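Residues per chain are reported as follows:
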Amino acid sequence: MYNVAIVGATGAVGEEFLRILEERNFPVKKLVPLASKRSVGVEVEFRGETLKVKELTCDVFKEEDIDIAFFSAGGSVSAKFAPCAVEAGAIVIDNTSHFRMDPDIPLVVPEVNPEDIKDWKKKGIIANPNCSTIQMVISLKPLHDEFGIKRVDVATYQAVSGAGKKGMEELLEQMRAIFNFKLDKKVEEREVFPWQIALNVIPHIDRFMEGGWSREELKMVNETNKIMHSNIEVAPTCVRVPVLRSHSEAISIYCEKEVDVDRAREVLANFEDVKVIDNPEKNEYPMPIIATDTDYVYVGRIRKDLFNPKVLHFFNVADQLRVGAATNAVRIAEKWIEMEGEKFLQGKRNGKK
């Protein structure tokens, strides 16, 4: 059993951590919810018990004898406090972008590269990838093994909850204003998105970088190849859409071999945590309302290109707060426990980190 801390326990992803740890019967001995000073005393529920949020400090990890610390409170918070948690004897699983491209920190999707978990000892940290990257590589992995992927073109349709609770609130407030014929005022008051998000799509997620690519898009490029140990060309266009929860992606893969649609469906359906929904004649295909509150990547609209026999197109959807964040982090922890947990606890009992 493990003493577990959740850093950012009052945020959207932090709330999912609480749910998922309980749902998956994670071996929690003691759970310590942590957040900034302004959230101290806020109550959260876990396994029928009410817990009060404690202030995040460098000392709290040692005081509470934390074994596993899940971080989801922003990159600057992770940069400051994750090393403190490691120094206190905990393993950190970080959900921010801060550590992802550090060559000494493994970036893990357990269905794709579980073997990389062994490198956690280098810095005591395992990084959780970007939400859009996670659901994409889970669907790419079996297809890459079968056909050899050379290039991926992907357009994402990302839910407002990817911008946190405030993103969801901004969409809902604008929708209420539409129904009350008062939209102009709510658009003027917007804080999260650069344009009205209600009844609109915005091809802009995170800040723009050199060459016109957004930071979100470059994350998908760099993280995909680190996770898959590949040199796949990845060209994303990331778009915010007025959906509350679950990201969607339209993906085209360019392969070394000629693709076979039936075989593609077969390898996807047999891959861990993937569900194929692909019967367009009956209006059966992946959608956010299907994926929300689940732990699967749903894949459908699978079809061969009309002109190039080595190109396959498909659509995938996953709940980005779960599959794209909290569930992936908990799966990392579960795999780490399977591979390293007993040795880790034995080392702590013997006074070693």
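What comes next is a walk through the structure. A quick note: this is a predicted structure, and the numbers were derived from the prediction, not measured.

The helix and strand tally for the protein stands at ten helices and 14 strands. The C-alpha extent of the protein, read off along each of the three principal axes, is 65 × 55 × 40 Å. In the protein, 69% of the contacts between residues at least 6 apart in sequence involve partners at least 24 apart. Carbon and sulfur atoms make up 50% of the accessible area of the protein, which totals about 16200 Å².

Pairing within the open sheet is parallel, and its six strands lie in the order E5-E2-E1-E6-E7-E8. Whereas interior strands pair on both sides, the edge strands pair on one side only; in this sheet they are strand E5 (54–55) and strand E8 (125–127). As defined by bridge partners, strand E1 (residues 2–7) adjoins strand E6 (residues 68–71) across four bridges and the pair is classed as parallel. Residue Val 7 lies in a different strand from E6, and its bridge partner there is Phe 71.

The next thing to look at is the environment of Arg 331. For Arg 331, the location among the structural elements is in helix H10 (residues 322–349). What makes Arg 331 buried here is its relative accessible area of 7%. If sequence neighbours within four positions are ignored, Arg 331 has contacts with Arg 24, Pro 110, Glu 111, Asp 273 and Asp 295. A polar atom in the side chain of Arg 331 sits 3.3 Å from the side chain of Asp 273.

A separate point is the state of the cysteines. Summed over the entire model, instances satisfying the criterion amount to one disulfide. Disulfide pairing places Cys 58 opposite Cys 84 at an S-S distance of 1.8 Å. Of this pair, Cys 58 sits in the loop between E5 and helix H2 (60–63) while Cys 84 sits in helix H3 (residues 75–87), and the two are 26 residues apart along the sequence. What makes Cys 58 partly exposed here is its relative accessible area of 32%. Judged by relative accessible area, Cys 84 falls into the buried class, the value being 16%. Distance from the sulfur of Cys 238, which forms no disulfide, to the nearest cysteine sulfur (Cys 131) is 8.8 Å.

Rules used in this analysis
- Residues numbered from 1 in each chain as written.
- Predicted model: local features only at pLDDT ≥ 70, side-chain atom pairs only at ≥ 80, totals over all residues.
- Heavy atoms only, no water.
- Helix = DSSP H or I, 4+ residues; strand = E, 2+ residues; numbered from the N terminus.
- Contact = heavy atoms within 4.5 Å.
- Areas by Shrake-Rupley, 256 points an atom, 1.4 Å probe, with all protein chains shown as cover.
- Pairing = 2+ DSSP bridges.
- Buried < 20%, exposed > 50% of the residue type's maximum accessible area, 1.4 Å probe, protein only.
- Polar contact = N/O pair within 3.5 Å; in protein donor to acceptor, adjacent residues only side chain to side chain.
- Disulfide = S-S within 2.5 Å.

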